[in-house]
Amino acid sequence: MIREELVFVATCDISGHVRGKGFPARELPARLKKGIGWTGSNLMMSPQGPIWDTPFGTAGDLMIVPDPAAEVRVDFADGSAVEHFFLGDTCTTDGRPWECCPRDFLRRAIEALEDAAGLRLVAAFEQEFVDGGVAEQPGDAYALGAFRRGAPFGEVFIAALRAAGVVPDTFLAEYGPRQFEVTVKPQPALVAADHAVITREMARAAAFRLGRRVTFSPKPDPEGVGNGVHIHMSLIDAAGRPATHAPDGKLGLSPPAAEFLAGVLHHMPAICAVTAPSPVSYLRLVPNRWAPTVIDLLQQDRGACLRLCPVFAAGSPEETRRQFHFEFRAADAAASPYLALGAVIFAGADGIRRQLRLPQTGGTPPSLPRSLPEALEGLAASDTAAGWFGPTHLDAYLRFKRAEWEQVAALSESELCERYAEIY
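What comes next concerns the included structure. (Residues numbered from 1 in each chain as written. Predicted model: local features only at pLDDT ≥ 70, side-chain atom pairs only at ≥ 80, totals over all residues. Heavy atoms only, no water.)

Section: helix H2 (residues 102-117)
Relative to the 22 Å expected for 16 residues at 1.5 Å per residue, H2 spans 23 Å between its end C-alpha atoms, a close match to the ideal helical length. Buried within H2 we find Pro102, Arg103, Asp104, Phe105, Leu106, Ala109, Ile110, Ala112 and Leu113. Gly118 lies just past H2 and shows a positive phi near 65 degrees. (Helix = DSSP H or I, 4+ residues; strand = E, 2+ residues; numbered from the N terminus. Expected span 1.5 Å × (residues − 1). Buried < 20%, exposed > 50% of the residue type's maximum accessible area, 1.4 Å probe, protein only.)

Some thoughts on a negative patch on the surface
The grouping of Glu136, Asp221, Glu223 and Glu413 at the surface amounts to a negative patch. One can find Glu223 in the loop between strand E10 (214-215) and strand E11 (229-236). The exposure class of Glu223 is exposed, given its relative accessible area of 64%. (Patch = residues over 30% accessible without salt bridge, like charges linked within 9 Å, V, L, I, M, F, W, Y side chains within 5 Å. Areas by Shrake-Rupley, 256 points an atom, 1.4 Å probe, with all protein chains shown as cover. Salt bridge = Lys/Arg side-chain N within 4 Å of Asp/Glu carboxyl O. Lys, Arg positive; Asp, Glu negative; His and termini not counted. Charge placed at Lys NZ, Arg CZ, Asp CG, Glu CD.)

Digging into the side chain of Arg329
For Arg329, the location among the structural elements is in the loop between strand E14 (326-328) and helix H10 (337-353). With sequence-adjacent residues up to four places away left out, Arg329 is seen in contact with His230, Arg284, Trp290, Pro292, Arg302, Ala304, Cys305 and Arg307. (Contact = heavy atoms within 4.5 Å.)

A closer look at the pattern of salt bridges
Two side chains that carry opposite charge are able to pair once their charged atoms sit near each other. The full count for this structure, using the stated rule, is 25 salt bridges. For Asp67, the salt bridge identified is with Arg103, shortest N-O distance 3.0 Å. Taken together, the residues Asp67 in strand E4 (residues 62-74) and Arg103 in helix H2 connect sequence positions 36 residues apart. For the pair formed by Asp67 and Arg103, the shared burial category is buried. Through salt bridges with shared partners, one network takes in Asp67, Asp89, Arg103, Arg107 and Asp194.

Considering the sheet that holds strand E2 (residues 18-24)
With mixed pairing, the five strands of this open sheet are ordered in space as E2-E1-E5-E4-E3. Bordering the open sheet on either side are E2 and strand E3 (36-38), each of which pairs with just one other strand. With strand direction ignored, the average angle separating the axes of adjacent strands in the sheet is 35 degrees. Note: E3 against E4, three bridges, orientation antiparallel. Bridging across to E4, Ile36 finds its partner in Ile64. Its contacts with the sheet place helix H5 (residues 189-209) against strand E1 (6-12), E2, E4 and strand E5 (83-92), and it is angled at close to 145 degrees to E5. (Pairing = 2+ DSSP bridges. Axes fitted to C-alpha atoms, helices over the stretch in contact; angles between N-to-C directions.)

Laid out in structure tokens, this is it:
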């Protein structure tokens, strides 16, 4: 059978889905400059597919331009088509970044942090998912048996990640039934978000080739634990030296790191609409589900919104500084990694700029939003967050998410979980 290789160019949009267009691989040199055609309303495709509301209408043309640094080409060596795609930037037809481009949102956040403190951020996304190809058995949490029954998916998935340029760290059977987790090596912020997208797509690609499905839905089962996305982060200076830890600082944090985290805590009511952006996200953020429910910063506590992570077997102060980092735990895979990480960085940069202080210990911390509408109200009410997005992007985001909520508001929790397990 004669075949010709195709290439896909994509963006990871508001819904967290990877969308774009394909073309013959022989046209790649030209496409690296002109990309593929796109429109504003393509951004408004809902998780379910239809465009329910859009400020862009049918007018206007854009391009998704592939980034050569974000190319994936993986041959699964099973006779199936090669997995070949680029992640790209949504641009106007003259090549300027479009005001609603998810990758440019993150780039602008990175610039805001550099402007505020001369610092950069290194990150890694820890992602949980449910493997529909594994039989559920009692007592499977973190079990070797569950890990074993997950084969050969785990091996195919990890090999695909490495072939895609993502360095795997761990792969394990998690706490929930048929739930697994993957972690990867930290990278500069934009690369880390690219790798988060690639990790999800390699999991789906490996599962597809094995005749099974995985779901990254925040809440596949209303009675079970959810799938979180935990973003591990640390700050580095212009020379690449660790800048998060100070032995004498509060909670071991350097002054800019403390201000960064104070900014994230301050803006959590707005951030949640971006990092936990689906109706089912708020079925995960409930008590007794190993997920955050209040706006807090704690040391080595997996129920925290922000967690200071442990340092393992550090034999020197330099090693402690290298390992020391924090984790944002109020996120899930319904979010575009670019928007989620960008919102956290924008908030942290604002904390540094305003020299915000961490809250005093003791007392009852405020609650996280309890629903998507409440989170959207927090985002809409934040003048600071409006500056992160700009008026067009913020209007599009709020309209998109409000329409999504309206379409599923009448569903029961079970129906909602079932719907989003299929979507993600």
